[in-house]
Amino acid sequence: MNNIAEQLSLAYQNLNEKCQAQAVSKPVQLIAVSKTKPLQAVIAAYQAGQRQFGENYPQELADKAAQLAAYADISWHFIGPLQSNKTKLVAEHADWVHSIDRLKIAQRLNEQRPAAKGKLKVLLQINISAEQSKAGIAASDMLSLAASISTLPQLELKGLMAIPAPGHSESAFAAMQQLSIQLQQHYPQASELSMGMSDDWPLALIYGATMIRLGTAIFGARS
Ligand SMILES: *Cc1c(COP(=O)(O)O)cnc(C)c1O
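This text gives an overview of the structure that appears in the document. (Residues numbered from 1 in each chain as written. Predicted model: local features only at pLDDT ≥ 70, side-chain atom pairs only at ≥ 80, totals over all residues. Heavy atoms only, no water.)

Some words on helix α6 (residues 142–149)
Logical step 1: Residues of α6 that are buried include every one of M142, L145, A146 and I149, and no others. One face of α6 carries all of its buried residues, which in axial projection span an arc of 105 degrees.
Logical step 2: Residues of α6 that are buried in the fold lie against β4 (96–100), α5 (103–112), β5 (120–126), β6 (155–162) and α7 (169–186). (Buried < 20%, exposed > 50% of the residue type's maximum accessible area, 1.4 Å probe, protein only. Helix = DSSP H or I, 4+ residues; strand = E, 2+ residues; numbered from the N terminus. Arc of directions from axis to C-beta. Contact = heavy atoms within 4.5 Å.)

A look at the environment of M211
Logical step 1: Looking at the element boundaries, M211 is found in strand β8 (residues 211–214).
Logical step 2: For M211, a relative accessible area of 1% corresponds to the buried category.
Logical step 3: If we skip the residues at most four places from it in the chain, M211 touches V28, Q29, I31, H77, W96, H98, L123, E192, L193, S194 and M195.

With respect to the site of the ligand
Logical step 1: In the region of the ligand, the neighbouring residues are V33, K35, N56, I79, I163, M197, S198, R213, L214, G215, T216 and R222.
Logical step 2: Contacts to the ligand include R222, whose side-chain N or O atom sits 2.8 Å from an oxygen atom.
Logical step 3: Taking 390 Å² as the accessible area of the ligand by itself, protein coverage stands at 91%.
Logical step 4: Among the residues forming the shell around the ligand, the class breakdown is five nonpolar, four polar and three charged. (Near = heavy atom within 4 Å. Polar contact = N/O pair within 3.5 Å; in protein donor to acceptor, adjacent residues only side chain to side chain. Areas by Shrake-Rupley, 256 points an atom, 1.4 Å probe, with all protein chains shown as cover. Nonpolar A, V, L, I, M, F, W, Y, C, P; charged D, E, K, R; others polar.)

Overview of the packing of aromatic side chains
Logical step 1: If you walk through the whole model with that rule in mind, you get two aromatic pairs.
Logical step 2: For the pair Y46 and Y71, a centre-to-centre distance of 4.6 Å together with 90 degrees between the ring planes defines the contact as edge-to-face. Taken together, the residues Y46 in helix α2 (residues 39–47) and Y71 in the loop between α3 (58–67) and β3 (75–78) connect sequence positions 25 residues apart.
Logical step 3: For Y46, a relative accessible area of 14% corresponds to the buried category.
Logical step 4: Measuring from centroid to centroid gives 5.8 Å for F53 and W76, while their planes differ by 40 degrees, and the two rings are tilted. Separated by 23 residues along the polypeptide, F53 in strand β2 (residues 52–55) and W76 in strand β3 bring together distant segments of the chain. For the pair formed by F53 and W76, the shared burial category is buried.
Logical step 5: Note that R51 overlies the ring of Y46, its terminal NZ or CZ placed 3.6 Å from the centroid. (Phe/Tyr/Trp six-rings, centres within 6.5 Å; stacked < 30°, edge-to-face > 60°. Lys NZ or Arg CZ within 6 Å of the ring centre and 35° of its normal.)

Coordinates in, geometry out; function isn't part of it.
Dropping the structure here:
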């Protein structure tokens, strides 16, 4: 697991260098995507200083969060597709949800969020490359979904997330930056932009990413 500490340190070094080179003014959060990786991998990253973790599967997030409850300063980010029958697990264990793409899911999360956990921070997932098989809302539906979500008391609208189609990252990131500006004109606090993964995050930074989600670069390939 020593390797994880080294990979993390390298990732932060790269991130800092890129931020300086591009004069990025806002702090950028690195989310370590630990999906499919064992608890020991999360603990190794935690011991190396990492506090933000991303998970794709509701049950896996709930299990890891419960087993690591003693690590109270971890923030869990749910970044995967979310079905209605799994919202409770996420409402009870996540700190952030990046993949909101339906009002119904948001309403269930709002109802199921335990008051003691405080507001659940949410991002709207945009299907920015307009891929038929992909999750996310059309860009043209962003403001209406944002308006509905902003009435839900247990949710806090924090911004946008996207996963561009392979090979189309740059145009997608540029479009996301414009959407984020538009969203912030109506909701100034919704300034987070979650985009960029292990192989395209430097490009995402250029277009204003505030959260990058790195799995492979930290934990190695998934089997
Ligand atoms: C798996 C996953 C990542 C991490 O991908 P890597 O290429 O391993 O960095 C980031 N975001 C989402 C939504 C994912 O599903």
